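Below, each chain spelled out in residue letters.
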Amino acid sequence: MPLGRPPYRPRLRLPRGRWGKVAAVVGVLVLVPPVGLLGAYWWMRAQQPQTSGSVAIPGTGAPAEVVRDKQGIVHIFAATERDAYRALGYAHAQDRLWQMETMRRAGAGRLAELIGTKYGDFALRTDRLMRTLGVRRAAEAMAATLSPDTRAAFEAYAEGVNAYLATRSEGLPVEFQLLRHTPEPWTVADSLVWVKLMALKLSANYRDELFRSRVLERLSPQQVDDLFPPDAPGAPTTLASDLRGMDLQEAVRRTLAALPQMGFDTASNEWVLTGARTTTGKPILANDPHPELEAPILWYLARIVTPGFTVTGATVPGVPLTILGHNGTVAWGFTTTHGDTQDLFVEKPDPQDPARYLTPDGSQPFETRAETIAIAGEAPQTLTVRSTRHGPVISDLDAAPAGGTAPVLALSFPGLAEDDTSAEALYRLNHAGSAEGVRDALRLHVAPQQNIVYADVTGEVGFITAGRVPIRRKGDGRVPVPGWTGEYDWTGFLPYYALPQAVNPPTGQFVNANNAVVGRDYPYRLATEWPDPSRAKRIVEMLGSGRHSVEDVARQQMDIVSLPARDFLPELLKYPTPPGLASDAATLLRNWDGRMDRNRPEPLIFTAWLRELVRAVFADELGPDFDAYWDLRPEALRHVLKERPDWCDDVTTPQKESCADMIGRSLEAAVGQLAERHGSTPKNWRWGDDHTAALAHRMLSRVPLIGGRADLSVEADGDFFTVNRGSTAIRDPGNPFRDVQGAGFRAVYDLADLDNSRFVIATGQSGNIWSRHWGDLVPLWREGGSLRLAGDRGTLVSAGAEVLTLTPRNTGANSK
């Protein structure tokens, strides 16, 4: 029976419509007799991991207790850190084994081996990219950078995962059974693959370079600048031609076409207040990252308690360390910098020998290696990977090297370096004993570049933008540059002391929501463009100059005021409104406060209008490249209306259109589309009818009988610009307003009493759709609720917690 392709989504954005494997499964289920189908259903429901009692596991050490509270949140009590990390690996595997498997296979470039190409080439394209970049090889190299203590943590974690695989009494998760797949033993490099995947996911500047290079074929440099206007004066900051004549078009086109569609649009919020700005007299720190929504969510809440070490917060299944959290002394949060840490170099093959390329020191051979990609149901493919002194050649993704003299594109990125010590930095961050310890740990962070806020129990707060930032001899990183001259080469990286950083600010606050971390007076170039500053502006606005409690900060995380709706919409409403439905919709908008409330019609009208206006203004000039640019872009539209109205003219028509024409037409088009879906009475439309948080299992939500159970999607507030972010899939013609990215994890840390800190994730702890903890946190998450992760063993047990004791078979002394 051909099984086709599964929804292989290891934190990458897979096309939602490609579910061939599910189609095959559905076809089989239809043929199963009802009694057999019902029996299989009840058998699968019964396959739950053991959460109480005792399990003898391989290895040496002391027993560790995995205490699961009423929400399934894991509290691990162990005699040593090694025993604790082993228990965490066991618990992760119990609850999220499929998530772990998909993650490691994505980074290793082994998707097609499992799911083939019968129902689409996404898996093979992803494999080719990961093999070309050498992600798994980079993870293996990272293992060599680990200190003995850090390596011991990763080894113990792998032991725990493998102990579960060896001792489980229940069947493998249903995804494995549907795919007839048995997981291989877990390794240290499997965990480090996630570090590399996140570095790649949160550092996508090379795609921006490809896009700019492509549109420069049809637009002037001024027009390209218009597409990405700089921040307006007053936007918050966290801290106060050489290729002309070369035919790059084909290399750029082929590379863009060959790249898999991954989810790179990521965001986060973070802010920290000094004790002078809180009601407790000690710092309060808030953090909520916004990766793509799905079920189960990326995050897994866990707490580790040993005699000499404790850590609490958000872990990621597959990784032993706490990514975001506190350790009883310090708390920390991350946002992505969106820094420009990648460059594409155009390499010239040697005209005398295409196996070599030109450098400032003469001709050098391409480094080559052969990668064999196994494909389910097909013969394997061999990929020849070429590298230059700048990095891997990514313009070979779609085919074998041509062997001619056409230019090729090589990627430079610190996240692929063999001396990447980012995992070591995270381990040391987990163990930092003070704010100074945080700063020392982050010296080792390489990629992805991150903005870190931190605070300790003594009251010190700080901010630093950590990671390697290249120093370029020439150029600004906006487009591919010549690689053969050496003029644009990197000469090194910004020294740690030169990175943006500060402690204990006079304002009593650090705020970052992916906005600019420095102003124009900063002497180095960190980013090509900064993301929209609306969330940061709103946070600063809410904080004002007063004092705030933990509860205040938690409410601020749920704020749904959209600044473009409040501040840019009035500019659009100054223009004439077409009669009929458009006029009715405009009347509603004029009386609206800009809150993206799921029960109101105005958020739906405004978002649909903005979507259509971006298309009306930019699609004609961008042509086939418009889809890559299409998003809600109020700042670009504001720039057009105020300074560059020529964009409003539709260049595909003989007449000259004005901005008033385009604003009216786009509103008319938007309400017309909404009327087709929701009827002709705008006041009855609801944002929540279309804006649902996409909390669905990519595979099982498509399977009969169990699909409803596997889909946790709910109506949601917010939009791309609100602090409670609910970013929409604007380019999706079928459901452009679906909430696809948001705060899958929220935390507020109370440095006056870290046990009073608040946590929540978007789904539940378990990835098993029949577990009572599959989606039990969804209502709490949507309404802004939270949990406290605290208490000793006795308190937790008296409150109904389950206790699973993991006892090594060869018990013996085992130090940290």
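Residues numbered from 1 in each chain as written. Predicted model: local features only at pLDDT ≥ 70, side-chain atom pairs only at ≥ 80, totals over all residues. Heavy atoms only, no water.

Remarks on helix α6 (residues 135–143)
- Three or more residues of α6 are buried, namely V135, A138, A139, A141, M142 and A143.
- The inward-facing, buried residues of α6 abut α3 (81–108), α5 (122–133), α7 (148–167), α9 (188–201) and α13 (422–430). (Buried < 20%, exposed > 50% of the residue type's maximum accessible area, 1.4 Å probe, protein only. Helix = DSSP H or I, 4+ residues; strand = E, 2+ residues; numbered from the N terminus. Contact = heavy atoms within 4.5 Å.)

Points about the sheet that holds strand β10 (residues 343–347)
- Spatial ordering of the open sheet is given by β17-β10-β21, a layout of 3 strands whose pairing is mixed. Strand pairing shows two members of the sheet lacking a second neighbour, β17 (408–412) and β21 (481–482), which therefore form its edges.
- Judged from the 5 bridges that link them, β10 and β17 form a sheet pairing that is antiparallel. Residue pairing for β17: F345 is matched across the bridge by A410.
- Here helix α10 (residues 205–215) sits on the sheet in contact with β10 and β17, set at roughly 55° to β10. (Pairing = 2+ DSSP bridges. Axes fitted to C-alpha atoms, helices over the stretch in contact; angles between N-to-C directions.)

Considering the nonpolar core
- Counting 156 residues, the largest nonpolar core has L192, W194, Y206, W299, L695, F745 and Y749 as its most contacted members.
- Per-element accounting of this core gives the leading share, 12 residues, to α3.
- Every residue in contact with Y749, bar those within four places of it in the chain, is listed here: P283, I284, L285, L324, G325, H326, A331, W332, L754, S757 and F759.
- One finds L227, L589, L613 and L637 within the second-largest nonpolar core, a separate group that totals 53 residues. (Core = buried A, V, L, I, M, F, W, Y, C linked by side-chain atoms within 4.5 Å.)

A closer look at the pattern of salt bridges
- Evaluation of the coordinates by the stated rule reveals 55 salt bridges.
- For the salt bridge of R638 with E571, the shortest nitrogen-to-oxygen distance reads 2.6 Å. Separated by 67 residues along the polypeptide, R638 in helix α21 (residues 634–643) and E571 in helix α17 (residues 563–572) bring together distant segments of the chain.
- The class of R638 is buried, set by a relative accessible area of 18%.
- When its relative accessible area of 17% is taken as the criterion, E571 is described as buried.
- We note a salt bridge from D597 to R595, for which the minimum N-O separation is 3.8 Å.
- A network of salt bridges, in which partner residues are shared, links E101, R104, R105, R110, E113, R136, E140, E184 and D190. (Salt bridge = Lys/Arg side-chain N within 4 Å of Asp/Glu carboxyl O.)

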